[in-house]
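Each chain, letter by letter, is given below.
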Amino acid sequence: MDKINISLKWKLVSIIAGILVLTVTGIGLISYTKTAASVKEDIDRLSVQVLKQANMNLDRYYSEYDMAFLMLGNSLEVREWLRLSASPVSSEFIRYYDRIKENYLNRMFLQYPEILSVSLYKPGGGEHHFVNAHTLPLTYSLQKEPYFSQTGNYEKVTFITGFSDHYLDAESRSLRLPVLTLFKQFYDGYLKMDISLTVSQKVMEQIHIVDSDSAVVMDEDGTIIHHSRQGEVMGQMDGHLVEKVNGSREGSFYDRTRNELIVYQTIPLTGWKIIAMLPYSQIAKSILYTRNMMIALAAGALAVSVVLTYFAASSITRRITGLRGTMKQMQYRNDFGIRAEVTGRDEVADLSKSFNNLLEHLEQSVTDLTETRVLQHRAVISALQSQINSHFLYNTLETINSMAVIARQPQIGHVAISLSGMLRYTSNFQDDQVLLADEVKHVEHYLSIMKIRYKDDLLYELHIPEELTGALCTKALLQPLVENSIKHTREETGAPVHITVTAAATADGYLHLTVRDNGPGFGEEVLDRLIREQADQRMMKSQATRVGLSNLIERLHMFYGGRAVIHFGNGSGGQGAVVELFLPLHFQSQM
C-alpha cells in the first residue's frame, strides 16, 4: 500500500487494472449469460426436431397397422365369414377361411413380420386365431382378454398396450411379451391383431440428443409403451410428469424433481405422448465448458493487460525520471548542450520541450548540429523503411499470385504480376532513360489491369515496330497519356474507350510516339492551358507541384530541353484526343 501511495507508476497500474477487471468481468458475465441461453435454445430446438422425426416414424407405423387392420375387417371375406355359422363346419365356411389367409393374412405377415397374431371372433358362432412367429395355446380365447368384457360397441379401432402371457415358444413355454393390440367390432363379430413392439421400439432406441438421455412413449394413463431402454417398457411414469404433459399437445419444461429438461409431443393417431428427457447435467456440460473457456480467456487477457499496463506506466515514469536526471546532470556539469529526450505528445513531452527551449539560446550552434544529425538519422530510417516496404510489397504480390494459381483464379494472379511489374519499373530511379520496349511493357501491364476491370469497354492496340524497341526514351512517358485517355473517356462519360499507341522514326532523326483515343477530345480551355505550360517551361518557370500531363511536360523539358516536342490536339471532326511526342532518336548501342 505504501508503494502505491508514493509511486505514480503503481497508482497507474492499480487504477487501470481495476478498470480492466470490472470491464472484463462485465463482458464475461454478459457473454456467458447470452451463450448459456443460446445453448439451451439450440438443444431445445434440436430435441423438438428429433422428436418430430420419431413422432412421424411412429405415427407412420401405427397408421399402416390401422389401415391394414381396417382393410381386413371391412373385407368381403371377413364379412361373409362372420355371416356363416361355424357349426357344423361347411365347405363354404372353410373356403372363406382360406380366402382370408390367402388374400390378406399371408401378405400382412410378410409385409409386417412383427404382427404376432390375428383373431376373429363371432359370439356364439366360432373363433379363429391366425398366428405368425409364436403359437397360442388351444385353450386361448378372445373372451379371456381383460378388455373384451369392456368392449361396448368399439366403433373405432382401439389401441391397447400391455404384456401378453398367452404366446408359447417352440418348446411350448409361456412367453411374456410387450404387445400392441388393435381391437374393434366389425358387424356381428370382433377382430383383434397383436403386434410386437420390437420394430417401433427400434425407433426409440435411435433417439439420442445428449449423453444419458432417454425417450418414452406413454399413453394417457402414464403406461410406458416404448422406452429407449428396453427394461422400462410397460412400466409407469411419474404421476406429476403424466399430469404435466397431458395438459397440452406439445411443449417443453424443466423438471426440478428429476433435474431434467422435458420435451414432448403428441402422436396424432393414438393421442399418446412421445417424451424426451434430457439430464440437465449433460446440457450444462457445454455451458460449463463455455464458461470455463471464457474465464480462462478473461484471466489470460487480464494478465496480459496488467503486464502491458505495467510497462506502459513504467514508460511514462521512466521519461519523468529521465527528465529529472537530465536537469541534475546539466546543473552539476554546467553543460548547456544536454537535451532532455522528447517522446510522445503528452504532458511529459511538453515538459521536456520546455526544458530544451530554455537551453536553445545558450548553445545555438550545438542545437543546429543536433537538428542536422536528427534530420540525417530520419532520412536514413525513411530510406530503410521505403526499402523494407518495397520488398514487403513485392513479396506480398508474389504471394497473391501464388494463391491465385492455387485457387485457379488466373485474373487475380495476372493483376498481381502486372502491378508488381509496374511498381518495380517506377520505383527504380537509377536509370533516367529506358528502352522503348520496357516503356511499352510498362504500358501493357497497366492496360492489362484496366482490361480486367473494364472488360469489353476497353480496347487497345500497340503498334511498335521491332526495329524501334531498342530506342531510348524517358521513363513513365506513355502510361500517363494512356491513363488520361481512360479517365476522360471511360470513367467520366461511361462510354467504351479505344486506345491506339504507335511508334515511328521520322526522316529528320526523331522518335515519333502517338497516343490516340476515341473520347470527347481536349476542350479549348485545356488546350490553351497546356500550350501556356509549355511556354512556361521554356521560360524556366517552376512546375514542381503539377501532376498528369503538366508533370509530363516538365519532365520532357528537364531531360531534353528544347530538343523534345509534344503536341496536344484532337482527331478529325474534333473527336478523340491525340498526343504526339517527338524525341531525339537514340539507341542503346549509341550511348
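What counts and how
- Here the residue numbering is sequential within each chain, running from 1 through the sequence in written order.
- Local features in this predicted model are restricted to residues whose pLDDT is 70 or higher, and side-chain atom pairs enter the listing and the counts only when it is 80 or higher, whereas totals over whole chains, interfaces and linings include all residues.
- Hydrogens and water are ignored here; the side-chain numbers use all heavy atoms of the structure.
- In this analysis, axes come from line fits to C-alpha atoms, helices being fitted only over the stretch in contact, and the angle between any two N-to-C directions falls in the range 0 to 180 degrees.
- Helix and strand assignments follow DSSP, with helices taken as H or I runs no shorter than four residues and strands as E runs no shorter than two, numbered in order from the N terminus.
- Angles are sorted into four bins: roughly parallel if under 35 degrees, roughly antiparallel if over 145, roughly perpendicular if 65 to 115, and oblique for all others.
- Two helices cross in a left-handed way if the nearer one is turned anticlockwise from the farther one by less than a right angle. They cross in a right-handed way if the turn is clockwise.
- Throughout, a residue-residue contact means that at least one pair of heavy atoms, one from each residue, lies within 4.5 Å.
- Each residue receives one of three labels: charged for Asp, Glu, Lys and Arg, nonpolar for Ala, Val, Leu, Ile, Met, Phe, Trp, Tyr, Cys and Pro, and polar for the others, Gly being one of them.
- Here the term patch refers to residues with relative accessible area over 30% and no salt bridge, with like charges joined within 9 Å and nonpolar side chains (Val, Leu, Ile, Met, Phe, Trp, Tyr) within 5 Å.
- Using a 1.4 Å probe, accessible areas were evaluated by the Shrake-Rupley method; residue-level cover was limited to the displayed protein chains.
- Each reported salt bridge corresponds to a side-chain nitrogen of Lys or Arg within 4 Å of a carboxyl oxygen of Asp or Glu.
- When accessible area is computed with a 1.4 Å probe and restricted to protein chains, residues below 20% of their type maximum are described as buried, those above 50% as exposed, and intermediate ones as partly exposed.
- Pairing between two strands is assigned when DSSP locates at least 2 bridges connecting them.
- The predictor attaches a confidence to each residue, called pLDDT, with possible values from 0 through 100.

### Regarding the packing of helix 3 (residues 76–83) against helix 4 (residues 91–111)
Where helix 3 contacts helix 4, the axes come no closer than 9 Å and their chain directions differ by 155°. If you check the angle between helix 3 and helix 4, you find them roughly antiparallel. Viewed along their axes, helix 3 and helix 4 form a crossing whose handedness is left-handed. Of the residues in helix 4, those in contact with Glu77, Val78, Glu80, Trp81 and Arg83 of helix 3 are Glu92, Phe93, Tyr96, Tyr97, Arg99, Ile100, Asn103 and Tyr104. Taken together, the residues that form the contact of helix 3 with helix 4 break down as seven nonpolar, one polar and five charged.

### Details of a nonpolar patch on the surface
The grouping of Ile15, Ile16 and Ile19 at the surface amounts to a nonpolar patch, some 270 Å² of accessible area in total. Turning to its location among the elements, Ile15 is positioned in helix 2 (residues 8–73). A residue is classified by how much of its surface remains accessible, and Ile15, at 52% relative accessible area, is exposed.

### Some remarks on the sheet that holds strand 7 (residues 224–227)
As summarised here, the arrangement of the five strands in space is 7-6-10-9-8, forming an open sheet in which the pairing is antiparallel. Each edge of the open sheet carries a strand with a single partner, namely strand 7 and strand 8 (251–255). Adjacent strand axes in the sheet meet at a mean angle of 25° when their direction is disregarded. Relative to strand 9 (residues 260–266), strand 8 is paired through five bridges, and the arrangement is antiparallel. Each bridged residue has a counterpart across the sheet, and for Gly251 the counterpart in strand 9 is Tyr264. The sheet strands contacting helix 5 (residues 198–205) are strand 6 (214–218), strand 7 and strand 10 (273–279), and the helix crosses strand 7 at an angle near 60°.

### Some thoughts on the sheet that holds strand 14 (residues 497–505)
Overall, mixed pairing links the five strands, which are arranged 12-14-15-17-16 in an open sheet. At either end of the open sheet lies a strand with only one pairing partner, and these are strand 12 (458–463) and strand 16 (565–570). Ignoring which end each strand starts from, the neighbouring axes of this sheet average 10° apart. Alignment of strand 15 (residues 510–517) against strand 17 (residues 577–584), held across seven bridges, turns out to be antiparallel. Residue pairing across strands places Tyr510 opposite Pro584, the latter belonging to strand 17.

### A few points about the confidence of the model for the protein chain
Summarising the model, the protein chain shows a mean pLDDT of 77, and 78% of its residues fall at 70 or more. Below a pLDDT of 50 lies the segment residues 373–388, which in the model reaches zero contacts outside its immediate sequence neighbourhood of four places, other chains included. For the stretch residues 542–546, pLDDT sits under 50, and the model shows seven contacts to residues farther than four places along the chain or on other chains.

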